[in-house]
Amino acid sequence: ARWEPASGRWSRTVVLHEGVSGAEMNRQPSLAVADGLLHLVWSSGEQGQIAYSRAKVVEAASSGGWSTPVSLSGPGSSSAWPQIGVDAKGHLYVMYAVPLNEGRGVYLVRSDDGGGTWSKPVLVFDAAAAGWAMVDHPALLAAPDGTLHAAWVQGALPGTWPPQSIVCSRSEDAGETWSKPQEVASD
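Residues numbered from 1 in each chain as written. Predicted model: local features only at pLDDT ≥ 70, side-chain atom pairs only at ≥ 80, totals over all residues. Heavy atoms only, no water.

Caption draft 1: Layout of the layout of surface pockets. For the largest pocket, the calculated volume is near 250 Å³. Surrounding the largest pocket, 13 residues form its lining, Ala 1, Leu 16, Leu 38, Ala 60 and Trp 66 being those nearest its centre. Of the residues in the lining of the largest pocket, the class split is ten nonpolar, two polar and one charged. (1 Å grid on protein atoms, 1.4 Å probe; cavity = no way out; pocket = protein on both sides within 12 Å on 5 of 7 lines; lining within 4 Å. Points joined across faces, edges and corners; volume = space filled by probe spheres on them. Nonpolar A, V, L, I, M, F, W, Y, C, P; charged D, E, K, R; others polar.)

The structure is reproduced here in C-alpha cells:
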C-alpha cells in the first residue's frame, strides 16, 4: 500500500508474493529506494530463504510491476532478518543471519547493477567458529562515503532470554573485509 496525499488515505493493498498452498510464510521485510526503484528483501518459505524483488516506484502499486522474486541466500541455509542498504554509488547490499546450526553466522550479498545480478553469499562473521550458540538480528548501514556498518546479536539458544551481547563491525572496501567485531552491549 502507499499513502495517497490527495485523499488522505492509504491505497488498496497489493499482493507482491503469495505463499505456496498456504504453507509458505513471508516475514521480516526490508526496503530500500535507489534510482527510482524500490528494492525489497524478505525471509521466505519453510527453509527461510532470503528473497529479493524490485519495482519502479511508479509501478510498485501493481503486483505486475514487481520482478519475479529471486533467492539470495545459499541453498539449504535457514536464513533470517535480511537488511538491505544502498551506498552513494548505487551498490546494493543485503545482510542476513543464519541463526543456528553448522553454517550459523552473518552473510552479505552485493549487487553492482541495481539488483539485476547478485554475488554469492560471503561470510562476514562465523558464529560457529566464535563459539556462539546463536547469531541473530543483523543491522546494516551503507554510509554515503561507502563504508558499511553492521551490528548483530549474540543470542542464547531459542527459548532462552536474554541475548548475550550486541557487536558491531565495519567494512571500508564494499564488504570484502570487515573489522574485528567489537562488543557494544552485553548481558
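Caption draft 2: Layout of the packing of aromatic side chains. Taken as a whole, this structure holds five aromatic pairs when the rule is applied. Between Tyr 96 and Tyr 107, the ring centres sit 5.6 Å apart and the planes meet at 15°, which makes this aromatic pair stacked. Taken as a pair, Tyr 96 in strand 8 (residues 92-98) and Tyr 107 in strand 9 (residues 105-111) lie far apart in primary sequence, eleven residues in all. Take Tyr 96: its relative accessible area is 1%, and that puts it in the buried class. Taken together through their ring pairs, the aromatic side chains of Phe 125, Trp 132 and Trp 152 make up a single cluster. (Phe/Tyr/Trp six-rings, centres within 6.5 Å; stacked < 30°, edge-to-face > 60°. Helix = DSSP H or I, 4+ residues; strand = E, 2+ residues; numbered from the N terminus. Buried < 20%, exposed > 50% of the residue type's maximum accessible area, 1.4 Å probe, protein only.)

Caption draft 3: A look at the sheet that holds strand 4 (residues 37-44). Read across the sheet, four strands follow the order 3-4-5-6 without closing on themselves; strand pairing throughout is antiparallel. Two strands close off the open sheet at either side, each with one partner strand: strand 3 (26-34) and strand 6 (70-71). Here two bridges tie strand 5 (residues 49-56) to strand 6, and the two strands are oriented antiparallel to one another. Within strand 6, the residue paired with Ala 51 across the bridge is Ser 71. (Pairing = 2+ DSSP bridges.)

Caption draft 4: Representation of the sheet that holds strand 8 within the structure. Ordered by their spatial adjacency, four strands build an open sheet running 7-8-9-10, and the pairing between neighbours is antiparallel. The open sheet has two edge strands, strand 7 (80-86) and strand 10 (122-126), and neither has a second partner. Ignoring which end each strand starts from, the neighbouring axes of this sheet average 20° apart. As defined by bridge partners, strand 7 adjoins strand 8 across five bridges and the pair is classed as antiparallel. In the strand pairing of strand 8, Ile 84 is matched with Val 94. (Axes fitted to C-alpha atoms, helices over the stretch in contact; angles between N-to-C directions.)

Caption draft 5: Focus on the nonpolar core. Met 95, Leu 108 and Trp 152 are the most contacted members of the largest nonpolar core, which totals 17 residues. Breaking this core down by element, the ones donating at least two residues are strand 8, strand 9, strand 10, strand 11 (134-142) and strand 12 (148-155). Formed by 13 residues, the second largest nonpolar core is a distinct cluster that contains Val 41, Ile 84, Tyr 96 and Tyr 107. (Core = buried A, V, L, I, M, F, W, Y, C linked by side-chain atoms within 4.5 Å.)

Caption draft 6: Geometry of the pairing of strand 8. Along strand 8, seven of the seven residues are buried, which leaves the element largely enclosed by surrounding structure. Of the two faces of strand 8, the one lined by Leu 92, Val 94, Tyr 96 and Val 98 and the one lined by Tyr 93, Met 95 and Ala 97 are each fully buried. Taking the residues that link successive antiparallel strands as the turn, the strand 7-strand 8 hairpin has five residues, and the phi of Gly 90 there is positive, at about 90°. Pairing analysis gives seven bridges linking strand 8 to strand 9, with the strands arranged antiparallel. If you follow Tyr 93 over to strand 9, its bridge partner there is Arg 110. The hairpin turn running from strand 8 into strand 9, its antiparallel successor, is six residues long, and Asn 101 in that turn takes a positive phi close to 75°.

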